[in-house]
Amino acid sequence: MKRVCFVCLCCALCLCLCACSDMPLEKQIPVVSMGVDKTDKGYSITVKTPKNKAQQSGGGGDEKQAYLVVSADGADFAQAVNALHVSLPRNVNFSQVREVVFGEKMARAGDFAAIALLAADLPDMRLLATPMMCNGEASEFLKKQEPELGARLSKYIEGTLQNAIEKGNIPPVTLGQLTRDLGLGWSDPPLVCVSADAKPPEEFPAQPMDMPVDDTPQKGVSVVLAGAALTDGVSVCHTLSGYEVHLLGMLLGKARDCVINTEKGYITYDKWLPTRLSAPQKDGRFTLKAEVFVRARGAPQADQAYAEEALRSELEKLLKTMQRVKSDVAGFANQAVRGCLTLSDWEKLDWRTKYAEADTDITVHVLLMSGQ
Amino acid sequence: MIKDNVNKIIREKTQTTSETTDMASLRRQRFLVSRMERDTLLSIEVFAQLFIGFTLYALPRASTAVWWSVLLTLPVIALMGALAFSVIKKRGCGMPRPLLVLPILLLLLDMQFCQLALCEMVGGAWLPRAGRLSIAVWVSVFLLLSLLACSPHSVSRLSRFLRVALLLSLAFCFFTSLSYGDAGHLFPVMGAGADKALLCALWLCGGVWCVILPAYMPQTQDSLEILKSRRRLPGLAAAALCAFIAISVCFAQPAYALARPRTWSDRMLLFIALNDSTLSWSLMTLGLSLLLLSSLTGALFQAGALIESLCGKPWPVYIAPLLLLPAGVMGDRGALAVMEIIAPYRALAAAILLGATLLWQRGQKA
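Caption draft 1: Geometry of the overall build of chain B. A tally of helices and strands in chain B yields 15 helices and zero strands. For 366 residues, the compact-globule estimate of 2.2 N^0.38 gives 21 Å, and the C-alpha radius of gyration of chain B, at 23 Å, lies within 12% of that figure. Summarising its shape, the C-alpha atoms of chain B cover approximately 80 × 50 × 40 Å along the three principal directions. Of all 366 residues assigned to chain B, the portion counted as buried reaches 52%. Across chain B, the fraction of contacts at a sequence separation of at least 24, relative to all contacts at a separation of at least 6, is 89%. The distance from the centre of the 32 positive side-chain charges to the centre of the 18 negative ones in chain B is 5 Å.

Printed below as a string of structure tokens:
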């Protein structure tokens, strides 16, 4: 009987723990999107929050807009957060944030890693939020972003991101992973590239995977999710197109498929077996080694060797680009660190320099499928 | 008279002579179960102290080598257990009563650690906006309520059940956090260096002193016989489990990220930092809180029993929450700094206690 009582008590306590912190919900403002910009005077934080009924009916401004966008500036990040708390009538709750958008100037600044950490350390911040980099300012992006389908922005963001991740146009990354690995982990986490008001390409791109992922009915400003922003342990250093993100997925063995436009036609590569990454060291020089196993179809004129070489050359080009910008997004450091006994050994290694100078050795194993 | 005779005949006719109804065997079984329950409570105390130690001190210093540090406590537990068993075997020679002051003081230190960890956990995970004083008062009130509600034996009895619940919670959190981790995070295997790992192991040894407690707890003749016949070391499995938790934490976070969390409570929950499951978070926080609370209450009753054995009269355990309140209020700034310095010397004190007892027993025998 006592055991039964104890189990009941535990279950009851579990339910208590699922509440939203110690602040009543009616005294909180849930933030759906958050933006961080670097300004001439310091930093600017923008939040997008659902309007309440009073604000929607007689609160002034555009009545059609269901979301309120508030910005606050400060000389440093903490001051901007304080200004934001003062600007709003109730306590800001970050536990519902779906996206954290960094303006391009902010993302490319030297203090990006520190600011990202501070943003993740905000009380109750949702670490599953997607970190993004937009071209221009984040505040402008948040003002323009509206749900194109339905009325709930949070649901729309989740759906669009899920769609883009499934298609392979953007990397699956969360704010928690970004702050865990940025400058501290064995791989450089990417950010999702996003742009508002982007014009659709006039011509079909050379590589079909470069087509923007947003194919929802357009009723206003189009928000396009395509590509990734690479980081080098400090800040954003390079951007990859949607096609390159697909290739990166192939290199890591995570992408479902990838289509390459070759001279002999389109070849579709499908995931087959897990990729083998390694970073063997010889005479102080590393080799970035990858063995990729894929299934290929399409292009009837292309034989196995051609299909292998087509993917290999594209992957090598991508890897060289990543080496040039010193971004180890594939996580070769994860392999190299296995040869070190202590952290001081690792620090003596000077991985970033060794990574940039390393040789590459990519082997593609293709299982050619018949038919289109 | 006739009625008594009839009753006697009925008893003789109906009574079986199987083992279960034999009073001596029944009593032995009861003591055996009681022994197992006390062993479980000891395991929980060892686990709680090691968990407190590795999250507070070892994790930021040893980095990925933290699990080595926890594993290194295993031979210390075995050695202490063997020495404690030697003391138990010679309990017939009596016990130097003044020496009982030492385990009482050590138990009080353990309680302070549990109280601090509990306050930190509640403040960090559940009530982030609450002040230190209100959290300490809340924890003390909860402790007082649990003391009022339970008897000394019920804590050890409850710990048998808690063991299962805690293991299930940890297993659930582990499996739901697997996808966020990476085997590469376990490297470099020696973390911040072998010297740091060894230093942390020495520090952690302070938390396993309580495996010697059965040698000093008041025992009846029957329970002493059972204690002598049962060659088990309750702390070993707990330390191995704690090492597994340490490996899981290292698996979840890369080496440099292990030192990043600013607060102790963040380090306690580092294992599930990226886990999006609300159930995992609830189970982990609830499981840890119950672990700390039962460890604290268990230590409190053990200290009570030792005081009673020393002074010959019971002490009012209900004043303990008041005694622990100041440490909870001071929190990580004041009390923890002092506790960090004192903690490793608990193992030394335990070694002195064992040595002195064995010498005294040898003198008595001679």
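Caption draft 2: Main features of the pairing of strand S8 (residues 191–196) of chain A. Residue and element names in this part refer to chain A. When you tally the buried positions in S8, you get six out of six residues, the bulk of the element. Where strand S7 (residues 130–134) meets S8, three bridges bridge the pair, whose relative direction is parallel. In the strand pairing of S8, Cys134 is matched with Val194.

Caption draft 3: Molecular detail of the environment of Ile52(B). All names here are of chain B. Inspection of the secondary structure assignment puts Ile52 in helix H2 (residues 23–62). The spacing of Ile52 and Arg132 is 80 residues in sequence and 19 Å in space, taken between C-alpha atoms. Beyond its immediate sequence surroundings of up to four residues, Ile52 is in contact with Phe113, Cys114, Ala117, Trp264 and Leu292.

Caption draft 4: Representation of the environment of Val224(A) in the model. As for its position among the elements, Val224(A) is in strand S9 (residues 223–231). Counting along the chain gives 62 residues from Val224(A) to Gln162(A), while the straight-line C-alpha distance between them is 13 Å.

Caption draft 5: Fine view of the pattern of salt bridges. Residue and element names in this part refer to chain A. Taken as a whole, this structure holds 19 salt bridges over all chains when the rule is applied. Note that Glu158 and Arg98 form a salt bridge whose closest N and O atoms lie 2.5 Å from each other. Of this pair, Glu158 sits in helix H7 (residues 153–167) while Arg98 sits in the loop between strand S5 (91–93) and strand S6 (99–103), and the two are 60 residues apart along the sequence. Residue Glu158 is classed as partly exposed on the basis of its relative accessible area, which comes to 30%. On the basis of relative accessibility, which here comes to 13%, the residue Arg98 falls in the buried class. Between Glu140 and Lys143 there is a salt bridge, with its nearest N and O atoms 3.7 Å apart. You can see Glu140 and its partner Lys143 sitting in helix H6 (residues 138–144), three residues apart, about one turn around the helix. For Glu140, a relative accessible area of 36% puts it in the partly exposed group.

Caption draft 6: A look at helix H15 (residues 345–365) of chain B. All names here are of chain B. Taking 1.5 Å of rise per residue, 21 residues should cover 30 Å, and H15 covers 30 Å from first to last C-alpha, within 8% of that figure. Within H15, burial applies to Arg346, Ala347, Ala349, Ala350, Leu353, Leu354, Thr357, Leu358 and Gln361. For H15, the buried positions fall inside an angular range of 165 degrees around the axis, keeping them on one side. Exposed and oriented more than 90 degrees from the buried face of H15 are Tyr345, Leu348, Ile352, Leu359 and Arg362.

Caption draft 7: Region of interest: the packing of aromatic side chains. All chains considered together, the criterion is met by 14 aromatic pairs over all chains. Plain terms: the ring middles of Trp186(A) and Tyr256(B) are 5.9 Å apart, the flat faces sit at 65 degrees to each other, and that makes the pair edge-to-face. Linking Trp186(A) in the loop between helix H8 (175–181) and S8 with Tyr256(B) in helix H11 (residues 255–258), this pair reaches from one chain into another. Of the residues examined, Trp186(A) reaches a relative accessible area of 3% and is grouped as buried. Three or more aromatic residues joined by ring pairs make a cluster, and in this case those are Trp186(A), Phe286(A), Trp346(A), Trp351(A), Tyr355(A) and Tyr256(B). In this structure, Lys264(A) packs its charged tip against the face of Tyr306(A), placed 4.4 Å from the ring centre. Stacked on the ring of Tyr57(B), the Lys or Arg Arg61(B) has its end atom at 3.9 Å from the ring centre.

Caption draft 8: Representation of a nonpolar patch on the surface within the structure. Residues and elements named next belong to chain B. Where nonpolar side chains cluster on the molecular surface, the patch consists of Leu133, Val137, Val141, Leu144, Leu145, Leu148, Tyr318 and Val329 and spans about 680 Å² of accessible area. Broken down by element, the residue count for the nonpolar patch peaks at six residues, all from helix H6 (residues 132–149). Within the element layout of this structure, Tyr318 appears in the loop between helix H13 (278–311) and helix H14 (320–342).

Caption draft 9: Expanded view of unusual backbone geometry. Residue Pro188(B) is bonded to the preceding Phe187(B) through a cis peptide linkage, with omega at -5 degrees. Tracing the sequence through the fold places Pro188(B) in the loop between helix H7 (152–177) and helix H8 (194–205). In this model, Asp283(A) sits at a positive phi of 55 degrees, which is unusual for a non-glycine residue. Residue position: Asp283(A) is located in the loop between strand S13 (281–282) and strand S14 (285–298). The exposure class assigned to Asp283(A) is exposed, which follows from its relative accessible area of 78%.

Caption draft 10: Broad picture of the packing of H2(B) against H7(B). Residue and element names in this part refer to chain B. In the contact formed by H2 and H7, the axes pass within 8 Å of each other and the chain directions differ by 55 degrees. As summarised for this structure, H2 and H7 are arranged oblique, according to the angle between their axes. The way H2 lies across H7 gives a crossing that is left-handed. Residue-level contacts link Met36, Glu37, Arg38, Thr40, Leu41, Ile44 and Phe47 of H2 to His153, Val155, Ser156, Arg157, Ser159, Arg160, Leu162, Arg163, Leu166 and Leu170 of H7.

Caption draft 11: How the structure looks around the nonpolar core. Counting 112 residues, the largest nonpolar core has Phe54(B), Ile212(B) and Tyr216(B) as its most contacted members. The contacts of Phe54(B), once residues within four sequence positions are left out, are Leu59(B), Val66(B), Val70(B), Leu204(B), Cys242(B), Ile245(B), Ala246(B) and Val249(B).

Caption draft 12: Seen up close, the interface of chain A and chain B. Listed by partner, the interface residues are 33 residues for chain A and 38 residues for chain B. Of the roughly 3100 Å² buried between chain A and chain B on both sides combined, carbon and sulfur atoms contribute 68%. Applying the counting criterion to the chain A and chain B interface returns one salt bridge. A salt bridge links Arg260(B) to Asp121(A); the nearest nitrogen and oxygen atoms lie 3.6 Å apart. Our count for the contact surface shared by chain A and chain B stands at seven residue pairs in polar contact (both at pLDDT 80 or more).

Caption draft 13: Broad picture of the side chain of Gln302(B). Topologically, Gln302(B) is positioned in helix H13. If sequence neighbours within four positions are ignored, Gln302(B) has contacts with Leu41(B), Leu42(B), Glu45(B), Leu107(B), Leu213(B) and Met217(B).

Caption draft 14: Expanded view of the state of the cysteines. With the rule as written, the count across this model stands at zero disulfides over all chains. Sulfur of Cys258(A): no disulfide; nearest cysteine sulfur belongs to Cys193(A) and is 17 Å away.

Caption draft 15: Region of interest: the environment of Leu161(A). All names here are of chain A. For Leu161, the location among the structural elements is in helix H7. The buried category is assigned to Leu161, whose relative accessible area is 7%. For Leu161 and Leu225, which are 64 residues apart along the polypeptide, the C-alpha to C-alpha distance reads 7.8 Å. Setting aside chain neighbours within four positions, we find Leu161 in contact with Thr130, Met132, Ile170 and Leu225.

Definitions and limits used
Residues numbered from 1 in each chain as written. Chains lettered and ligands numbered in written order. Predicted model: local features only at pLDDT ≥ 70, side-chain atom pairs only at ≥ 80, totals over all residues. Heavy atoms only, no water. Helix = DSSP H or I, 4+ residues; strand = E, 2+ residues; numbered from the N terminus. Rg over C-alpha atoms; globule rule 2.2 N^0.38 Å. Buried < 20%, exposed > 50% of the residue type's maximum accessible area, 1.4 Å probe, protein only. Contact = heavy atoms within 4.5 Å. Lys, Arg positive; Asp, Glu negative; His and termini not counted. Charge placed at Lys NZ, Arg CZ, Asp CG, Glu CD. Pairing = 2+ DSSP bridges. Salt bridge = Lys/Arg side-chain N within 4 Å of Asp/Glu carboxyl O. Expected span 1.5 Å × (residues − 1). Arc of directions from axis to C-beta. Phe/Tyr/Trp six-rings, centres within 6.5 Å; stacked < 30°, edge-to-face > 60°. Lys NZ or Arg CZ within 6 Å of the ring centre and 35° of its normal. Patch = residues over 30% accessible without salt bridge, like charges linked within 9 Å, V, L, I, M, F, W, Y side chains within 5 Å. Areas by Shrake-Rupley, 256 points an atom, 1.4 Å probe, with all protein chains shown as cover. Axes fitted to C-alpha atoms, helices over the stretch in contact; angles between N-to-C directions. Parallel < 35°, antiparallel > 145°, perpendicular 65-115°, else oblique. Left-handed = near helix turned anticlockwise from the far one by under 90°. Core = buried A, V, L, I, M, F, W, Y, C linked by side-chain atoms within 4.5 Å. Buried area = accessible area lost by both parts, 1.4 Å probe. Polar contact = N/O pair within 3.5 Å; in protein donor to acceptor, adjacent residues only side chain to side chain. Disulfide = S-S within 2.5 Å.

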